[in-house]
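What follows is each chain in one-letter form.
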Amino acid sequence: MRAEFPILSQQVNGHPLSYLDNGATTQKPQRVIDTLRRYYESDNANIHRGLHSLSERATRDCDKARETIRSFINASDQREIIFVRGTTEALNLVAQSYARPRLQADDEILITTLEHHSNIVPWQLVCRQTGAKLRVAPIHDSGELDLEALKGMLGPRTRVVALTHVSNALGTVNPVADIIEMARAQGAITVLDGAQAVAHGAIDVQDLNCDFYAFSGHKVYGPTGIGVLFGRKCLLEEMEPWQGGGDMIRTVSFEESTWNELPYRFEAGTPNIAGIIGLGAAIEFMASIDMDAVVAHEKDLLAYATEALDGLSNIRIIGTARHKAGILSFVMDGVHPHDIGTIADQHGVAIRAGHHCAMPLMKRYRVPATSRASLALYNDRKDIDALVTSLQKTKEIFRL
Ligand code: C6P
């Protein structure tokens, strides 16, 4: 697998690169790089507009990418796949196009303590705009959702339940199917933030039975600046457009405009054509590999890393849920996570240090930040060993 990713063969600060910052963004396989290059070298044109061959080729490749993605997440219809800039834009689209026109004062939006800012702030904006209330389901110390408490917070006033499938800061995999069922029983719609889930296991939106599912291309071996919102067709059909402009209209006059059909109604302006085609190539790559083997590999690596870090004194792992994806957050007594990240980089190890855009979650654990190693299918035990060596060095430097 590593050989498919050219960036991984480099040395950083005199050490082989151990890239453990996949939660932030994943590296790109050669075939995605080749696809982007081929598009710009031979097919670059605007889509849906030209009658010429280049435009037809670019349009055809975008359509093909949409179908690849539909099939990958098992949506029932291509019209349910909306191209957006990323998870953040997808969640804002649902907040502004679905929730804002429908919610009223005292309606409730339920999120969880585990959310990334992208799944908090768009709902806070809607609450300000409509008078709805934001409620937050608590977690246990392990980083697992308190399901009893969550259940108790659901009621007839709950209109939207928005939660992350996998926590980016702790790695917790939420029991989303159960929560969707509970929400549905109360008549609430469900919005899943799949940013950290899509690269780590098969997603089936029909099986999950969710109403919306959002993810970013760059976290699933694809380009930046492109992402996907899956939305149930019957809901999308009822929603007003998110942005106005070219492509999203059927007719325009100065008096009134009418909207294009799905999915174009939600894709105003020239889209990220190279991004769409590149994401298609990334998803083809994902579809070509054995996802069960990926899950097993990442599980094995996470267990190896957890054991190694548990064996180091002064280190505390934050987030010990029973069901975790390949994310390991930790703090070292007396050492700021930024120092840990800097020393790791000197050993060629890329990790992230900070609040991971989850400030309320950091507050829950009474830490300002954590260091985070996040895994992908190309990582191996050598990467973890390099991280451990850098942590031992950090302890030496700080005389711990
Ligand atoms: N998390 C991380 O290092 P965008 O930026 O739109 O592609 O994705 C936002 C986002 C939303 N939800 C979750 C669960 C996420 O993890 C992210 C991105 C990165 O954890 C950057 S903060």
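Report follows, based on the coordinates. What you are looking at is a predicted structure, and each value in this text was computed from that prediction instead of being measured.

## With respect to the state of the cysteines
Consideration 1: The full count for this structure, using the stated rule, is zero disulfides.
Consideration 2: Cysteine C210 remains unbridged, with the sulfur of C234 as its closest cysteine sulfur at 12 Å.

## With respect to empty space enclosed by the protein
Consideration 1: For the structure shown, the criterion picks out one cavity of 30 Å³ or more.
Consideration 2: For the largest cavity, the calculated volume is near 40 Å³.
Consideration 3: Around the largest cavity, the lining residues are N22, G23, T26, A195, Q196, A199, H200, K219, Y221 and L375.
Consideration 4: The residue inventory of the lining of the largest cavity, partitioned by class, reads four nonpolar, five polar and one charged.

## A word on the sheet that holds strand 9 (residues 212-216)
Whenever strands of a sheet pair, they do so through backbone hydrogen bonds, lying parallel or antiparallel.
Consideration 1: Reading across the sheet, the seven strands line up as 4-10-9-8-7-5-6 and stay open at both edges, with mixed pairing between neighbours. The open sheet has two edge strands, strand 4 (81-84) and strand 6 (133-137), and neither has a second partner. Between one strand and the next, the sheet's axes are offset by a mean angle of 20°, whatever the strand orientation.
Consideration 2: Summarising the sheet, strand 5 (residues 108-112) and strand 6 pair through five bridges and their orientation is parallel.

## So, the site of the ligand
Consideration 1: For the ligand, the set of nearby residues contains 18 residues, the closest of which are T88, D193, Q196, S216 and R352.
Consideration 2: One of the backbone N or O atoms of T87 is found 3.4 Å from an oxygen atom in the ligand.
Consideration 3: In the environment of the ligand, an oxygen atom lies 2.8 Å from a nitrogen or oxygen atom belonging to the side chain of H218.
Consideration 4: Coverage of the ligand by the protein chains reaches 87% of its 510 Å² of free accessible surface.

## Some remarks on helix 10 (residues 291-310)
Consideration 1: The first and last C-alpha atoms of helix 10 sit 28 Å apart over 20 residues, in line with the 28 Å expected at 1.5 Å per residue.
Consideration 2: Among all positions of helix 10, only M291, V294, E298, L301, L302, A305 and L309 are buried. The buried residues of helix 10 all sit within an arc of 105° when viewed along its axis, so they share a single face. Residues of helix 10 that are exposed and point more than 90 degrees away from the buried face comprise D292, K299, E307 and D310.
Consideration 3: Buried residues in helix 10 make contact with helix 9 (273-288), strand 13 (315-318), strand 14 (327-332) and helix 13 (381-397).

## Digging into the packing of helix 10 against helix 13
Each pair of packed helices can be described by the angle between their axes along with the distance between the axes.
Consideration 1: The interhelical angle for the contact between helix 10 and helix 13, taken along N-to-C directions, is 20°, at an axis separation of 10 Å. For the element pair helix 10 / helix 13, the angle class is roughly parallel. As helix 10 packs across helix 13, the resulting crossing turns out to be right-handed. Contacts between helix 10 and helix 13 involve D300, L301, Y304, A305, A308 and L309 from the former and R381, I384, D385, L387, V388 and L391 from the latter.

## Some thoughts on the pattern of salt bridges
Consideration 1: Applying the stated criterion across every chain, the model contains 21 salt bridges.
Consideration 2: Across the pair D107 and R157 runs a salt bridge whose closest N-O atoms are separated by 3.5 Å. Residue D107 is found in the loop between helix 3 (87-102) and strand 5, and its partner R157 is found in the loop between helix 5 (147-153) and strand 7 (158-164); the two are separated by 50 residues along the sequence.
Consideration 3: On the accessibility criterion, D107 (6% relative accessible area) is buried.
Consideration 4: According to the relative accessible area criterion, R157 is partly exposed, its value standing at 43%.

## Some words on the nonpolar core
Consideration 1: Counting 77 residues, the largest nonpolar core has I73, Y213 and Y221 as the members making the most contacts within it.
Consideration 2: It is helix 9 that provides the largest number of residues to this core, a total of ten residues.
Consideration 3: When residues are assigned to domains, this core turns out to be shared by domain 1 (2-22 + 290-397) and domain 2 (45-287), each giving three or more.
Consideration 4: V84, A162, I189 and F266 belong to the second largest nonpolar core, which has 29 residues in total.

## Topic: the layout of surface pockets
Where empty space is left can be seen by rolling a probe of water-molecule size over the atoms.
Consideration 1: Computed from the structure, the largest pocket encloses a volume of approximately 470 Å³.
Consideration 2: What lines the largest pocket is a set of 21 residues, and nearest its centre among them are V173, H200, V295, H323 and K324.
Consideration 3: Partitioned by chemical class, the residues of the lining of the largest pocket number eleven nonpolar, six polar and four charged.
Consideration 4: The residue makeup of the lining of the largest pocket includes at least three contributed by each of domain 1 (2-22 + 290-397) and domain 2 (45-287).
Consideration 5: Of the voids in this model, the second largest pocket is the one considered here, and its volume is about 230 Å³.
Consideration 6: As for the second largest pocket, its lining consists of 21 residues, and the residues nearest its centre are H116, N168, A195, Q196 and K219.
Consideration 7: For the lining of the second largest pocket, the residue count by class is five nonpolar, eleven polar and five charged.

## Quick look at the environment of M248
Consideration 1: Within the secondary structure, M248 is located in the loop between helix 8 (233-238) and strand 11 (249-252).
Consideration 2: Here the alpha-carbon distance between M248 and L170, two residues 78 residues apart in the chain, equals 38 Å.
Consideration 3: Apart from residues no more than four positions distant in its own chain, M248 is found in contact with P241, Q243, W259, N260, Y264, R265 and A268.

Conventions used here
- Residues numbered from 1 in each chain as written.
- Predicted model: local features only at pLDDT ≥ 70, side-chain atom pairs only at ≥ 80, totals over all residues.
- Heavy atoms only, no water.
- Disulfide = S-S within 2.5 Å.
- 1 Å grid on protein atoms, 1.4 Å probe; cavity = no way out; pocket = protein on both sides within 12 Å on 5 of 7 lines; lining within 4 Å.
- Points joined across faces, edges and corners; volume = space filled by probe spheres on them.
- Nonpolar A, V, L, I, M, F, W, Y, C, P; charged D, E, K, R; others polar.
- Pairing = 2+ DSSP bridges.
- Helix = DSSP H or I, 4+ residues; strand = E, 2+ residues; numbered from the N terminus.
- Axes fitted to C-alpha atoms, helices over the stretch in contact; angles between N-to-C directions.
- Near = heavy atom within 4 Å.
- Polar contact = N/O pair within 3.5 Å; in protein donor to acceptor, adjacent residues only side chain to side chain.
- Areas by Shrake-Rupley, 256 points an atom, 1.4 Å probe, with all protein chains shown as cover.
- Expected span 1.5 Å × (residues − 1).
- Buried < 20%, exposed > 50% of the residue type's maximum accessible area, 1.4 Å probe, protein only.
- Arc of directions from axis to C-beta.
- Contact = heavy atoms within 4.5 Å.
- Parallel < 35°, antiparallel > 145°, perpendicular 65-115°, else oblique.
- Left-handed = near helix turned anticlockwise from the far one by under 90°.
- Salt bridge = Lys/Arg side-chain N within 4 Å of Asp/Glu carboxyl O.
- Core = buried A, V, L, I, M, F, W, Y, C linked by side-chain atoms within 4.5 Å.
- Domains from an automatic or database assignment.

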